[in-house]
Amino acid sequence: MRYLAYTMTAAAALLAAHAAQAQDSNQAEGSNVEVLHWWTSGGEAAALNVLKEDLQGQGIGWQDMPVAGGGGTQAMTVLRARVTAGNAPTAVQMLGFDITDWAQQDALANLNEIASEGNWDEVIPQALQKFSKYEGEWVAAPVNVHSTNWVWADASLMEELGLEQPQSWDDLIAAMQKAKDAGYTALAHGGQAWQDATIFDSVALVTGGPEFYRKALIDLEEEALTSDTMKQVFDRMATLRGFVDDNFSGRDWNLATAMVIDDKALFQIMGDWAKGEFLNADQTPGEDFVCFRFPGTSEQVLFNSDQFAMFDQGGEVSPQQAALAKAIVSPEFQIAFNKVKGSVPARTDIDVSEFDACGQQAYEDFKEAAASDNLMGSFAHGHANKAAVKNAMYDVITAHFNGEYDSETAMDELLTAVQINM
Ligand code: GAL
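Residues numbered from 1 in each chain as written. Predicted model: local features only at pLDDT ≥ 70, side-chain atom pairs only at ≥ 80, totals over all residues. Heavy atoms only, no water.

**Student:** Explain the site of the ligand here, please?
**Tutor:** Taken together, 13 residues lie around the ligand, and Glu-44, Asn-304, Asp-306, Lys-341 and His-381 are the ones closest in. Between the ligand and Gly-71, the relevant distance is 3.2 Å, taken from an oxygen atom to a main-chain nitrogen or oxygen of the residue. In this structure, an oxygen atom belonging to the ligand sits 3.4 Å away from a side-chain N or O atom of His-146. Burial of the ligand by the protein amounts to 100% of the accessible area it has alone, namely 300 Å². A class-by-class count of the residues in the shell around the ligand yields five nonpolar, five polar and three charged. (Near = heavy atom within 4 Å. Polar contact = N/O pair within 3.5 Å; in protein donor to acceptor, adjacent residues only side chain to side chain. Areas by Shrake-Rupley, 256 points an atom, 1.4 Å probe, with all protein chains shown as cover. Nonpolar A, V, L, I, M, F, W, Y, C, P; charged D, E, K, R; others polar.)

**Student:** Explain the packing of helix H12 (residues 228-241) against helix H18 (residues 387-401) to me, please; I cannot follow it from the model alone.
**Tutor:** Packing of H12 against H18 brings their axes to within 9 Å, and their N-to-C directions diverge by 50°. Between H12 and H18, the crossing angle belongs to the class labelled oblique. As H12 packs across H18, the resulting crossing turns out to be right-handed. For the pair formed by H12 and H18, the contact residues are Phe-234, Met-237, Ala-238 and Arg-241 on the first element and Ile-397, His-400 and Phe-401 on the second. Of the residues that constitute the contact of H12 with H18, the class distribution is five nonpolar, one polar and one charged. (Axes fitted to C-alpha atoms, helices over the stretch in contact; angles between N-to-C directions. Helix = DSSP H or I, 4+ residues; strand = E, 2+ residues; numbered from the N terminus. Parallel < 35°, antiparallel > 145°, perpendicular 65-115°, else oblique. Left-handed = near helix turned anticlockwise from the far one by under 90°. Contact = heavy atoms within 4.5 Å.)

**Student:** Looking at this structure, I do not really get the domain arrangement of the protein. What am I missing?
**Tutor:** Quite often, the size of an interface is put as the accessible area lost when its parts meet. Here the domain parsing of the protein yields domain 1 (2-146 + 304-367) and domain 2 (147-302 + 373-421). A C-alpha centroid distance of 30 Å is found between domain 1 and domain 2. The interface is formed by 30 residues belonging to domain 1 together with 30 residues belonging to domain 2. Around 2400 Å² of area is buried between domain 1 and domain 2 when both sides are counted, 58% of it from carbon and sulfur atoms. When the area that domain 1 buries against domain 2 is broken down by residue, the three leading residues are Phe-97, Asn-304 and Cys-358, summing to 22%. Between domain 1 and domain 2 we count two salt bridges in total. Arg-293 is the partner of Asp-365 in a salt bridge, and the nearest nitrogen-oxygen pair spans 2.8 Å. At the junction of domain 1 with domain 2, the criterion picks out nine residue pairs in polar contact (both at pLDDT 80 or more). Every element with two or more residues in the side of domain 1 that touches domain 2 is listed here: helix H2 (42-57), helix H4 (96-104), helix H7 (126-132), helix H16 (331-341) and helix H17 (357-371). Ranked by the residues each element gives to the side of domain 1 that touches domain 2, the list is headed by H17, at six residues. Each residue belonging to the side of domain 1 that touches domain 2 can be placed in one class, and the counts come to 10 nonpolar, 13 polar and seven charged. (Domains from an automatic or database assignment. Buried area = accessible area lost by both parts, 1.4 Å probe. Salt bridge = Lys/Arg side-chain N within 4 Å of Asp/Glu carboxyl O.)

Structure below.
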């Protein structure tokens, strides 16, 4: 009996100890944020660290949920699986229409209180609010503004080949021809659907101008999608295909950037997250690499803004989610993060004098484009139409880039892809 009593007491003590431990670890888990994102390249990870450190400074732990794959296509697939399994992450990196789609499904926490404390309505530009708000409620915190119509050039190859910054499509092609003739890779590119689409963004813009871009890729008008201009866009994509190296298929975007960093390739046509890779490799703009708007598109900005949406964990936004959202939009964070990431602040009231020349230009371009109706959501990065349409268009653009379709067929397929998924 005595033995039993002792054992029971010991068992109770053990149970109590376990319970206390479990509570501890729950508390620890409760003070963590699990963040699903696709920032896995060197430059992206360096930028993400700025956010991690900011939160850790506030006593909030970071549970990392990286899903590799530029542009976030894979991350969005994982997110869907997690939500379906009833296990949504606390916070998720998202772009454009993905945010409003999830908000429509009532999956996102309401950030109104934090937004009103931080005066987000005044400092976040309308073009971004279109995606950060759903039916008047704040559902996402914008981290940055990127844009896709950029070219990244190797400064030493430009010099070696006697090249000036190209001012037109013809100049761009002539420069690449020179590089190719000299035995270099003219265009560093990775054959992945989202990268092909990223190039397509700029080619559509320069070929048809902003009105065409809007009609074809944002408003999805049949007349624009089947126009001679669209045929020319595809023809030009085929021309660019002639300037990539033999091993381009499947290559990650940051490895393509590395070809420019390593003086093996002349240009990369890529969003300004590429700058994060140059900086991470200790390169200096204007010295080691040159940034310029895709020739012929210097007045326009095709933007995409990374935002963090908080998944509703069954009730009010948690203190950790609130802290994350608040940290993201704070001016200090916007400066520290975007200097490393290659993007510019998502707020219009920031002094960017600490930014490098590419960053200062990008911020000016963004504000000027917004004021002159030249700011458009990037099709390739989810700011022109919903994911189903975008992904179907990706498939056609990639098939054409890989020679499966001629330009006429690609146009027909593009229209079908749009009509089926709209
Ligand atoms: C974009 C995203 C950028 C960058 C890029 C490549 O969609 O907005 O932040 O990460 O993908 O991964």
